[in-house]
Amino acid sequence: MMTRDVLLEMELEDDDDDDGDIVLENLEQTSGTLGSQQDFRTPEFEEFNGKPDSLFFNDGQRRIDFVLVYEDESRKETNKKGSNEKQRRKRQAYESNLMCDGLQLEATRSLLDDKLVFVKVHAPWEVLCTYAEIMHIKLPLKPNDLKTRSSAFDNFNWFTKVLQVDESLIKPEQEFFTAPFEKNRMNDFYIKDRDTFFNPATRSRIVYFILSRVHYQVVNNVKKFGINRLVSSGIYKAAFPLHDCNFSSPSEDLSCPNERYLLYREWAHPRSVYKKQPLDLIRKYYGEKIGIYFAWLGYYTQMLLLAAVVGVACFLYGYFNQNNCTWSKEVCDPDIGGQIIMCPQCDRLCPFWKLNITCESSKKLCIFDSFGTLIFAVFMGVWVTLFLEFWKRRQAELEYEWDTVELQQEEQARPEYEAQCTHVVINEITQEEERVPFTTWGKCIRITLCASAVFFWILLIIASVIGIIVYRLSVFIVFSAKLPKNLNGTDPIQKYLTPQTATSITASLISFIIIMILNTIYERVAIMITNFELPRTQTDYENSLTMKMFLFQFVNYYSSCFYIAFFKGKFVGYPGDPVYWLGKYRNEECDPGGCLLELTTQLTIIMGGKAIWNNIQEVLLPWIMNLIGRCRTVSGAEKITPRWEQDYHLQPMGKLGLFYEYLEMIIQFGFVTLFVASFPLAPLLALVNNILEVRVDAWKLTTQYRRMVPEKAQDIGAWQPIMQGIAILAVVTNAMIIAFTSDMIPRLVYYWSFSVPPYGDHLHYTMEGYIDNSLSFFNIADFKSKSRENPYTELGNYTTCRYRDFRYPPGHPQEYKHNIYYWHVIAAKLAFIIVMEHVIYSVKFLISYTIPDVSKSTKSKIKREKYLTQKLLRENHLKDMTKNMGAIVEKMVEVVDNNLRPKLD
């Protein structure tokens, strides 16, 4: 027998253009020269003679746990013979080592393309048991009658029965006491049938674990291994577990559970859109990681229903009360708004205009800038806390029901990380040598370079936002010059399409396009940066990528909204002394009613456009790609295509597929919470989108994508603290939107302080006269030559114009300085922010304190199940000890009897 690692002395270029040696494991050399074809153990080619939906080898006994696909180099039409030979040798070494590790392989040529070869992988019982112990997989000990599916709607079964999946098709799973598998305690486990003890998802997990760690080459004393590296380098075309049947019809094999078909019928089909998700079957078929995502998405969608109802109520309150909006009536009144001449909002080309041309926008603003907005903002601050706290409880219930409470799986290092381990260091704990990819100094350099790259791309986003601002400033002048300049505002176009509206809509559309372009580019850049950073485990990799992508997406999607909400119109000066951006462009001003309506427009375009774009990507793109794949193989359509070949022509999900689904929803969560004070219909849009999103994702997984490798997961990972951070920030942003973006605080100050003496002329509290009080006077003679050349020719008999600010009029000792009204408003805004934040944060803290993360009943169930499991193991152990002791006593008696009997005789 040879040693464990036998190196073939061959100089080969690696897929990364490095030289190395092929490595074989546990090979018995019988004859031939080292490195010859005889040294490789390769799978035998078998002609397919089974059924199309068969999940077994040709013998019909061994189950297919994984499939590897490659192109036969001998049948490729290429001149790169040397490269093809190297790839073939690496693949042969890899497959040989797989067989040495106990896996069984069977190769079959494609029926549609004779260049394609499918290598079917089967894990025997001994291999499954060995790696189940290594991976700490929890397996059943005995049936468990403690677990019951609790529901908050148990009292309404007559109503919720319609929403449930058909239990005659999807039967509830039998529950078990479980424990980490140990081979030396195999008798303790509930093994009725070896073929079904490890379910298909567990078998695929184990095989993928092996595939990811088997070596195929050594370069500079560093082993290269893993199926991911072989697929990325083109040595294999694909590697995936099989779907169990066709999604549109059940399998002809009576032993097949048809789980894919059931998921499509009861979960992904459009007619099931109103039904609850079969989470247990999703978890069983796709694994806990996919299951927890759909559980979270479903729970988030359910909670959005309450927010959407309240949001629609607040919207309807504003809609039906818009005709009672006093300040809007004053804007539209020909005797008030029609007599107020507003100052130009840009230099030279912008005309003077009458206030009543903003009549339509002021009516729309009344819908969103109402008392209902304040109520809804406070409600959403409480809602987001309730959602996060109740989700923690639901997550704890799923951990118990799905048996992931004490997930003991020790996460291994990523193959990409281990492949770079070339430096030897002394472990501080074990005091033993271990290999690491870089020194401490090298790690610091990598972190610095990665942080610099992220910072650079964030600056690039900020630069794009500045570009949009410059566009706004420039195009506003163009629209002001090109649109009709009727001073009376009677032109139909001018009535509905003001320069401000045209600028806002076009800028929002361009901003959305730039966001999508930058998003596409940065996705690739973020992956490159994270790969260079080289995190050790897959969890570390995903968390690092999550923070980079979310930080970028946060700036990319929300920066334009933050600009409109908190910067636009805040630093504009006054007509006689305007503030210029970059020394050239005059800063943008808001409408007389504020920038709230523009923020609403921006949110509507970005949220709606993002939802449409994502659905196009998620639905049309994989469907078109699969359609193209089917068209290419149409010549062989009449043949019977086996299951592995059907799955190969589906789209690969990718290891980061679920990451993008989470990211999409978290960005939406930010829109729903951060700026909801300006757009109460945001939860409704999110609700409609999510109802479709659940089914679109389900349809995509079951019909368009290959089956993913099932993975364990206890929770949603790094997304939970990100949502908590958004929830905290949302309180601040909504308070500031109401205070600084809307016109609510100035109106309240006027109503309670400046409508009555000593500042006002009315005898009772009223909103009458608010418009006149909120607009300051400016003498057109004080225009600088840069702003207007001859304003008198434009205004005729008028000598003053109005602008939105609280300043003293011309001729006052402190002309154009902020008046007492301004300081009252500033004080009220600051007081409002402080009070609102403290009230909502206090309520959030109280809710978080009173609602435990794990319910009392769930804690009791977990403790009792743990106690009974330990008791069961202890009893089994005592039984074994008693049995062994009895055998020992019997043996001793037999020995004594055999020794004494001759003497007695």
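Numbering of residues starts from 1 in every chain and runs along the sequence as written. Totals for whole chains, interfaces and linings use every residue, but because this is a predicted model, local features are given only for residues with pLDDT of at least 70 and side-chain atom pairs only at 80 or more, for both listing and counting. Based on all heavy atoms of the structure, the side-chain values leave hydrogens and waters out of the count.

The protein chain carries the name Anoctamin in an unreviewed UniProt entry, which gives Catagonus wagneri as its organism. UniProt positions are given in the numbering used here, feature names are shortened, and annotations may be inferred rather than shown by experiment. The Sequence similarities (unreviewed entry) comment attached to the protein chain in UniProt states, word for word, "Belongs to the anoctamin family."

## What to know about the environment of Ile 191
We count a stretch as a helix when DSSP gives it H or I for four or more residues in a row; a strand needs E for two or more, and each element gets its number in order from the N terminus. For Ile 191, the position within the fold is in the loop between β7 (176-180) and α4 (194-197). Ile 191 sits 52 residues away from Leu 139 along the chain, and the two C-alpha atoms are 9.7 Å apart.

## Points about the pairing of β7
With four of five residues buried, β7 is to be regarded as a mostly interior element. Looking at chain direction, strand β6 (residues 138-143) and β7 are connected through five bridges and run antiparallel. Across the sheet, the residue bridging to Pro 143 is Phe 176, located in β7. The classification of residues rests on relative accessible area computed with a 1.4 Å probe and restricted to protein chains. Under 20% of the type maximum is buried, over 50% is exposed, and intermediate values are partly exposed. Pairing between two strands requires that DSSP report at least two bridges joining them.

## Some points on the state of the cysteines
Here a disulfide denotes one covalent bond, and it connects the sulfur atoms of two cysteines. In what follows, a disulfide is any cysteine sulfur pair within 2.5 Å. Per the stated rule, a full pass over the model turns up four disulfides. Linked covalently through their sulfurs, Cys 325 and Cys 366 form a disulfide whose S-S length is 2.4 Å. Taking the torsion about the sulfur-sulfur bond, which here is approximately -75 degrees, the covalent link between Cys 325 and Cys 366 counts as left-handed. Pair noted here: Cys 325 is in the loop between α9 (288-320) and α10 (326-332) and Cys 366 is in helix α11 (residues 359-368), with a separation of 41 residues, a long-range link. For the pair shown, Cys 325 and Cys 366 are each scored as buried. There is a disulfide in this structure between Cys 332 and Cys 359, and the S-S distance comes to 1.9 Å. Handedness here is read from the sign of the S-S torsion; for Cys 332 and Cys 359, about 100 degrees, the answer is right-handed. Of this pair, Cys 332 sits in helix α10 while Cys 359 sits in helix α11, and the two are 27 residues apart along the sequence.

## Regarding the nonpolar core
Nine residue types can take part in a nonpolar core, namely buried Ala, Val, Leu, Ile, Met, Phe, Trp, Tyr and Cys, and a core is a set of them joined through side-chain atoms within 4.5 Å. Membership of the largest hydrophobic core comes to 147 residues, with the highest contact counts inside it found for Trp 296, Trp 383, Phe 387 and Phe 671. In terms of residue count, the dominant contributor to this core is α9 (15 residues). In what follows, a contact means two residues having at least one pair of non-hydrogen atoms within 4.5 Å. When sequence neighbours within four positions are dropped, the list of residues in contact with Trp 383 reads Tyr 300, Met 303, Leu 304, Leu 306, Ala 307, Phe 669 and Thr 673. Grouped together as the second largest cluster of nonpolar side chains are 46 residues, Leu 103, Val 119, Ala 179 and Val 207 included.

## Details of the environment of Asp 53
Along the chain, Asp 53 turns up in the loop between β2 (19-25) and β3 (66-71). Through-space distance from the C-alpha of Asp 53 to that of Pro 250 is 9.4 Å; in sequence the pair is 197 residues apart. Sequence-distant contacts of Asp 53, defined by excluding residues within four places in its chain, comprise Asp 244, Cys 245, Asn 246, Ser 251 and Arg 643.

## A short note on the packing of aromatic side chains
Working definition: a ring pair exists when centres of Phe, Tyr or Trp rings (six-membered ring for Trp) sit within 6.5 Å. Plane angles under 30 degrees give stacked, over 60 give edge-to-face, the rest tilted. Summed over the entire model, instances satisfying the criterion amount to 59 aromatic pairs. When the centroid spacing of 5.7 Å and the interplanar angle of 45 degrees are considered together, the rings of Trp 296 and Tyr 662 count as tilted. You can see Trp 296 sitting in helix α9 and its partner Tyr 662 sitting in helix α20 (residues 657-674), a full 366 residues away along the chain. Since its relative accessible area comes to 6%, Tyr 662 is described here as buried. Note on Tyr 750 and Tyr 770: the rings are 5.7 Å apart at their centroids and 65 degrees apart in plane angle, and the pair reads as edge-to-face. With Tyr 750 in helix α23 (residues 744-754) and Tyr 770 in helix α24 (residues 770-774), this pair connects stretches of sequence that are 20 residues apart. This pair shows no difference in class: Tyr 750 is buried, exactly as Tyr 770 is. Charges are assigned to positions over rings by a cutoff of 6 Å between ring centre and Lys NZ or Arg CZ, combined with an angular limit of 35 degrees from the ring normal. Over the aromatic face of Phe 532 sits the side chain of Arg 446, whose NZ or CZ is 4.7 Å from the ring centroid.

## Let's talk about the packing of helix α7 (residues 259-268) against helix α21 (residues 682-704)
At their nearest, the axes of α7 and α21 sit 10 Å apart, and the two run at 160 degrees to each other. On the basis of the axis angle, α7 is roughly antiparallel to α21. In terms of crossing hand, the pair formed by α7 and α21 is left-handed. Contacts from Arg 260, Leu 263, Tyr 264, Trp 267 and Ala 268 of α7 reach α21 at Val 694, Arg 695, Ala 698, Trp 699, Leu 701, Thr 702 and Thr 703. Working convention: axes come from line fits to C-alpha atoms, limited for helices to the stretch in contact. Angles between N-to-C directions cover 0 to 180 degrees. For this classification, under 35 degrees means roughly parallel, over 145 means roughly antiparallel, 65 to 115 means roughly perpendicular, and everything else is oblique. Left-handed describes a crossing in which the near helix is turned anticlockwise from the far one by less than a right angle; the clockwise case is right-handed.

## Some points on the sheet that holds strand β4 (residues 104-109)
Strand order in this open sheet of four strands is β4-β5-β3-β10, and the pairing throughout is antiparallel. What marks the edges here is a single partner per strand, and that holds for β4 and β10 (238-240). Looking at each pair of strands side by side, their axes are set apart by 20 degrees on average, direction ignored. Pairing between β3 and strand β5 (residues 116-122): six bridges, direction antiparallel. The residue of β5 that forms the bridge with Val 67 is Lys 120. Of the strands in this sheet, β3 and β5 are in contact with helix α5 (residues 200-211), which crosses β3 at around 45 degrees.

## Concerning unusual backbone geometry
For residues that are not glycine, phi is negative in most cases, and the peptide bond is trans in most cases. Here the residue pair Pro 757 and Pro 758 is connected by a cis peptide bond, since its omega of 10 degrees sits within 30 degrees of zero. Tracing the sequence through the fold places Pro 758 in the loop between α23 and α24. Even without being glycine, Asp 403 reaches a positive phi, approximately 60 degrees. Since its relative accessible area comes to 13%, Asp 403 is described here as buried.

## Considering a nonpolar patch on the surface
Patch definition: residues above 30% relative accessible area lacking any salt bridge, with like charges linked at up to 9 Å and the nonpolar side chains Val, Leu, Ile, Met, Phe, Trp and Tyr linked at up to 5 Å. Areas reported as accessible are Shrake-Rupley estimates using a 1.4 Å probe. Residue values count occlusion only from the protein chains shown. Put simply, a salt bridge is a Lys or Arg side-chain nitrogen that is within 4 Å of an Asp or Glu carboxyl oxygen. On the surface, Ile 612, Trp 613, Ile 616, Leu 620, Leu 621, Trp 623, Ile 624, Met 625, Leu 627 and Ile 628 cluster together into a nonpolar patch covering about 880 Å² of accessible area. Considering the arrangement of structural elements, one finds Met 625 in helix α18 (residues 596-632).

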